[in-house]
Amino acid sequence: MTKAGLNERDGTLVSLTKKVGNGGPAGVGEIRHLGLVAALVLLCAAGLITEPENFATTGNAVGVLVLAATIGVISVGQTFVIIGGGIDLSVGSVMALASVWATTLATQSYGPAVMAMCAILVGTGSGVVTGLLISYGRMVPFIATLAMLVAARGLAQRMSDRKTQLIRPENDAIEALSTTKLIGLPLLVYIFAAVAVAGWLLLNRTTFGRRTFAVGGNREAARLAGIDVRRHTLLLYALSGFCCGIAAIIIMALTTTGSSTHGELYELDAIAAVIIGGTLLTGGRGTIAGSILGVLIFTLITNLFILNGLQTSDQLIAKGVIIVIAVLLQRRGLRAPA
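Cut-off values and rules
- Residues numbered from 1 in each chain as written.
- Predicted model: local features only at pLDDT ≥ 70, side-chain atom pairs only at ≥ 80, totals over all residues.
- Heavy atoms only, no water.
- Helix = DSSP H or I, 4+ residues; strand = E, 2+ residues; numbered from the N terminus.
- Expected span 1.5 Å × (residues − 1).
- Bend = angle between axes of the 7 residues up to and from the residue.
- Buried < 20%, exposed > 50% of the residue type's maximum accessible area, 1.4 Å probe, protein only.
- Salt bridge = Lys/Arg side-chain N within 4 Å of Asp/Glu carboxyl O.
- Axes fitted to C-alpha atoms, helices over the stretch in contact; angles between N-to-C directions.
- Parallel < 35°, antiparallel > 145°, perpendicular 65-115°, else oblique.
- Contact = heavy atoms within 4.5 Å.
- Nonpolar A, V, L, I, M, F, W, Y, C, P; charged D, E, K, R; others polar.

Caption draft 1: Geometry of helix α4 (residues 58-83). The terminal C-alpha atoms of α4 lie 35 Å apart, and with 26 residues this matches the ideal 38 Å at 1.5 Å per residue to within 8%. The sharpest bend along α4 reaches about 40° and sits at alanine 69. Across the 26 residues that make up α4, a large majority, 20, are buried. Just past α4, the residue glycine 85 takes up positive phi, approximately 90°.

Here's what the structure looks like:
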């Protein structure tokens, strides 16, 4: 392809991204983020009013960040997938499979570094399989990821014989991620922050990010702009699986176990956080910052319910109401004139 052709294609891609990208009308993204920050402030105020002695402590603040880390890392990958026009229902099961595979006796005999690498490879490999089914097998994302949800959970149960696998004492470097603190925060919180920053840079400062917005906004227009839509879709699901592998390391550090029960309903929490953050379920618009704020909002809600001794059922009802409100606000925003 000639240099002029390359410039023309790049110009088309940039133009397409501006039309279907994360901004929409100028300032909409910033206003949405301010609304999420305001919601966090209100939740903090509720905590200070209802449980001032327990809520306003350093330990509770650190606990909230630790609780948010696992779902937060998964939500970063989920954000890319949904912006790209897909959805991944298998994230919780893939995380469980990665944790089980990484804590088998055979894997543990090679040490903590190999355990961590195994978790990442299993997560990424699962994402690649799902991506192949969707991009080249032309399966609907909902069906393909639902199949992976069931299969990965079943494989995890088969490998572990439905038993919890403990991390050996000689591999306590994994556990150290949750016990070792730097400036008052466990190392796994920094892992969460690093994944969030890397995800933001990838989405907003690279061609990969622009192509993700373009594919999610209009697949046919993206194809005509020169994007290999099938390959990009495959990479999006591989990225989601990669994040599941990192989340598996975090859950192993927190629980010192690998289990087929890890990550149950995590896919719903991750999708809900992404929606709350402003990412459109139809694709083409979203932000990493919004998804992280969505994760923190849900984590704070869980924290407040626990501190106030409220039932889990009430917590689920509250989350459901929030999701419905967020979707209704999205629909209203889409109808609003640019």
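Caption draft 2: Region of the structure containing the pattern of salt bridges. One pass over the structure, following the stated rule, counts three salt bridges. Salt-bridge contacts for arginine 168 lead to glutamate 170; the nearest nitrogen and oxygen are separated by 3.6 Å. For arginine 223, the salt bridge goes to glutamate 220, with nearest N and O atoms at 2.5 Å. One end of the pair is arginine 223 and the other is glutamate 220, both in helix α12 (residues 219-224) and three residues apart, which spans about a single turn. Judged by relative accessible area, which is 46%, arginine 223 ranks as partly exposed. Overall, the relative accessible area of 41% leaves glutamate 220 in the partly exposed class.

Caption draft 3: How the structure looks around the packing of helix α11 (residues 207-217) against helix α13 (residues 229-255). Two elements in contact, α11 and α13, have axes separated by 11 Å at closest approach and are oriented at 110°. Considered as vectors, α11 and α13 are oriented roughly perpendicular to each other. Contacts from Phe208, Arg211, Thr212 and Val215 of α11 reach α13 at Val229, Arg231, His232, Leu235, Leu236 and Leu239. When its residues are assigned to classes, the contact of α11 with α13 shows six nonpolar, two polar and two charged.

Caption draft 4: Geometry of unusual backbone geometry. One non-glycine residue, aspartate 161, adopts positive backbone phi at about 55°. Topologically, aspartate 161 is positioned in the loop between α8 (141-160) and β1 (165-166). On the basis of relative accessible area, aspartate 161 is assigned to the exposed category, the value being 53%. One non-glycine residue, arginine 162, adopts positive backbone phi at about 60°.

Caption draft 5: Highlighting the environment of tryptophan 200. Its place among the elements puts tryptophan 200 in helix α10 (residues 187-204). Residue tryptophan 200 is classed as partly exposed on the basis of its relative accessible area of 34%. Excluding residues within four positions of it along the chain, tryptophan 200 makes contact with Arg205 and Ile288.

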